[in-house]
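Tertiary structure, described
Spelled out from the first residue to the last, the chains are:
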Amino acid sequence: MLNVNKTGNKKVTHLSGTEKNVIEVRGLSKTLGGKTVIDNLNLTVKAGDIYGFLGPNGAGKTTTIRMLLDLIHPDRGTVKLNGFDIRTDFKKAVERVGAVVETPTFYPYLSGYNNLRISARLYPGLPDNRIAEVLEMVGLSARADDKVGTYSLGMRQRLGLARALVNCPRLVILDEPTNGLDPHGMKEVREMICQLALEQDITFFISSHLLNEVEQVCNRVGILHGGRLLTEGPVPELLQTDSETIELGTSEEKEVLEILKGIAYVKAVQMSSGGLIVKTEKGHSAKINEELGRRGVFVNYLLPRQNSLEQYFISKTGGGKSDA
Ligand SMILES: Nc1ncnc2c1ncn2[C@@H]1O[C@H](COP(=O)(O)OP(=O)(O)OP(=O)(O)O)[C@@H](O)[C@H]1O
Ligand SMILES: [Mg+2]
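Residues numbered from 1 in each chain as written. Chains lettered and ligands numbered in written order. Predicted model: local features only at pLDDT ≥ 70, side-chain atom pairs only at ≥ 80, totals over all residues.

**Thoughts on the overall build of the protein**
- For the protein, the helix and strand inventory stands at 11 helices and 16 strands.
- Dimensions of the protein, computed from the C-alpha atoms along their principal axes, are close to 80 × 45 × 40 Å.
- Among the 324 residues that make up the protein, the fraction classed as buried is 35%.
- Sequence separation of 24 or more characterises 70% of the internal contacts of the protein that already satisfy a separation of 6 or more. (Helix = DSSP H or I, 4+ residues; strand = E, 2+ residues; numbered from the N terminus. Buried ≥ 20, exposed ≤ 12 C-beta atoms within 10 Å, placed from the backbone. Contact = placed C-beta atoms within 7 Å.)

**Focus: the site of ligand 1**
- As a structural note, the neighbourhood of ligand 1 is formed by 13 residues, with Gly33, Asn57, Lys61, Thr62 and Thr63 the closest of them.
- Ranked by the residues each element gives to the shell around ligand 1, the list is headed by helix H1 (residues 61-68), at 3 residues.
- Within the shell around ligand 1, the residues separate by chemical class into 3 nonpolar, 8 polar and 2 charged. (Near = placed C-beta within 6 Å. Nonpolar A, V, L, I, M, F, W, Y, C, P; charged D, E, K, R; others polar.)

**With respect to the packing of helix H3 (residues 112-120) against helix H4 (residues 130-137)**
- Contact pair H3 / H4: the axes reach a minimum separation of 10 Å and the direction vectors enclose 125°. With respect to their mutual orientation, H3 and H4 come out oblique. Between H3 and H4 the crossing geometry is right-handed. Along the contact surface, H3 presents Gly112, Tyr113, Leu116, Arg117 and Ala120, while H4 presents Arg130, Ile131, Val134 and Leu135.
- A per-class count over the contact of H3 with H4 returns 6 nonpolar, 1 polar and 2 charged. (Axes fitted to C-alpha atoms, helices over the stretch in contact; angles between N-to-C directions. Parallel < 35°, antiparallel > 145°, perpendicular 65-115°, else oblique. Left-handed = near helix turned anticlockwise from the far one by under 90°.)

**Points about H3**
- When we look at burial in H3, the residues that qualify are Gly112, Asn115 and Leu116. Taken end-on, H3 shows its buried residues confined to a sector of 95°, consistent with a single buried face.
- Buried residues along H3 sit in contact with H4 and helix H5 (153-165). (Arc of directions from axis to C-beta.)

**A few points about the environment of Leu159**
- Mapping Leu159 onto the fold places it in helix H5.
- Residue class for Leu159 comes out buried when judged on the 25 C-beta atoms lying within 10 Å of it.
- Note: C-alpha distance between Leu159 and Gln311 (152 residues apart in sequence) is 33 Å.
- Beyond its immediate stretch of four places on either side in the chain, Leu159 contacts Pro104, Phe106, Gly112, Asn115, Leu140, Val148 and Tyr151.

**Regarding the nonpolar core**
- Residues Leu81, Ala162, Val172, Ile173, Phe204 and Phe205 are the most contacted members of the largest nonpolar core, which totals 63 residues.
- By residue number, the principal contributor to this core is helix H6 (residues 183-199), which donates 6 residues.
- Ala162 has contacts with Leu116, Val134, Leu135, Met137, Val138 and Leu140, leaving out every residue within four places of it along the chain.
- Ranked by size, the runner-up nonpolar core spans 7 residues in total, among them Ile246, Leu248, Ile288 and Leu292. (Core = buried A, V, L, I, M, F, W, Y, C linked by C-beta atoms within 7 Å.)

**Topic: the sheet that holds strand E16 (residues 301-305)**
- Spatially, 4 strands are ordered E14-E15-E13-E16 in an open sheet, and the strand pairing comes out antiparallel. The open sheet has two edge strands with one neighbour each: strand E14 (266-272) and E16. Ignoring strand direction, the axes of neighbouring strands in this sheet form an average angle of 25°. (Pairing = 2+ DSSP bridges.)

**Overview of the sheet that holds strand E7 (residues 84-85)**
- Sheet architecture is open: 4 strands sit in the order E4-E3-E6-E7, paired in antiparallel fashion. Edge positions in the sheet fall to strand E4 (35-46) and E7, since each has one partner strand and no second.
- Pairing between strand E6 (residues 76-81) and E7: 2 bridges, direction antiparallel. In the strand pairing of E7, Lys80 is matched with Asp85.

**Notes on the environment of Gly98**
- When you line up the elements, Gly98 lands in strand E8 (residues 97-100).
- Using a count of 23 C-beta atoms within 10 Å as the deciding quantity, one classes Gly98 as buried.
- With near-sequence residues (within four places) excluded, Gly98 lies in contact with Ala164, Leu165, Asn167, Pro169 and Val172.

**Observations regarding the pairing of strand E3 (residues 21-32)**
- Relative to E4, E3 is paired through 8 bridges, and the arrangement is antiparallel. Paired with Leu32 across the two strands is Lys35, which belongs to E4.
- Linking two consecutive strands that pair antiparallel, namely E3 and E4, is a turn of 2 residues; a positive phi of about 55° is found at Gly33 within it.
- In this sheet, E6 lies alongside E3 in antiparallel orientation, the contact comprising 5 bridges. Its bridge partner being in E6, Ser29 is matched across the sheet by Arg76.

**As for unusual backbone geometry**
- Although it is not a glycine, Asp70 adopts a positive phi angle of roughly 65°.
- Looking at the secondary structure, you find Asp70 in the loop between H1 and E6.
- Judged by C-beta crowding, with 16 C-beta atoms within 10 Å, Asp70 ranks as partly exposed.
- Notably, Glu176 is not glycine yet its phi reads approximately 50°, a positive angle.
- Mapping Glu176 onto the fold places it in the loop between strand E9 (171-175) and H6.
- Overall, the presence of 22 C-beta atoms within 10 Å leaves Glu176 in the buried class.

Structure (structure tokens):
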């Protein structure tokens, strides 16, 4: 099922949980240069997902994607795409799969159209208008005949996406599709992904180190850190915690702080400009207000802070980079 989230983007919601596994990774491990880069990785991506593969620099996202596409071989474990083992049934596994791994490269002296024509030769039997169609999908029709050397970074990213779409894929794997783009370019790519998921019924697997990005488009995420999957699940479930954070606006900070220290369900208090940041057990913000009022202290405002994927991510990874 598809719905529209708070930012206006379309999101996929699974109701039954019986959707087909489009990507199935089991016990994947890889050592590179004497270092375990991927460590016993398990991943499940279902049909209709926009799956965010999150992790800081060096976490192993690109290495995993390379193994998903059989560009490098794992030391241990299996990868199945659309139910077919990538090692033993490669052709069937990648039949309806499109991908962009790291920065897409093109012939700069050829037009966008001709670059795609070269790529399309890999797929005999495509309709004549398929290249024009994918250029239209990514909003590049007007520049299709210009040399790629004259394209902006954002246009090249979009051309990469177009190339991944040429063979009418059911699954598209994108490695950091918004890398290097400005906020406007990021939004464009994000919207394009949502639109394709909605209108063309494409399952997406998108790697990113940008939590905010992932939160806005993906319905499910997996968090990778140091080659290990820390967690995997639907975004709302990951954000459900047993605590909440509220911002208290007051000019009587010291007095309020003293009162809060004595309340059992208050877990932590931190001073901030013009008020206090209070971490409490879930559902206790009204009680705090009541308690302060009872003690004769009235706050200017009491603002619940939404849990974000970023807070979750930092709490899981310690906020550190995987690269050491
Ligand atoms: N050929 C290689 N030889 C040795 N180490 C490698 C090799 N390729 C990757 N690595 C190491 O594996 C780890 C994971 O790299 P990878 O490129 O998969 O991370 P990533 O999550 O894609 O990072 P980024 O966000 O920077 O793209 C890094 O520590 C990297 O240095
Ligand atoms: Mg990478």
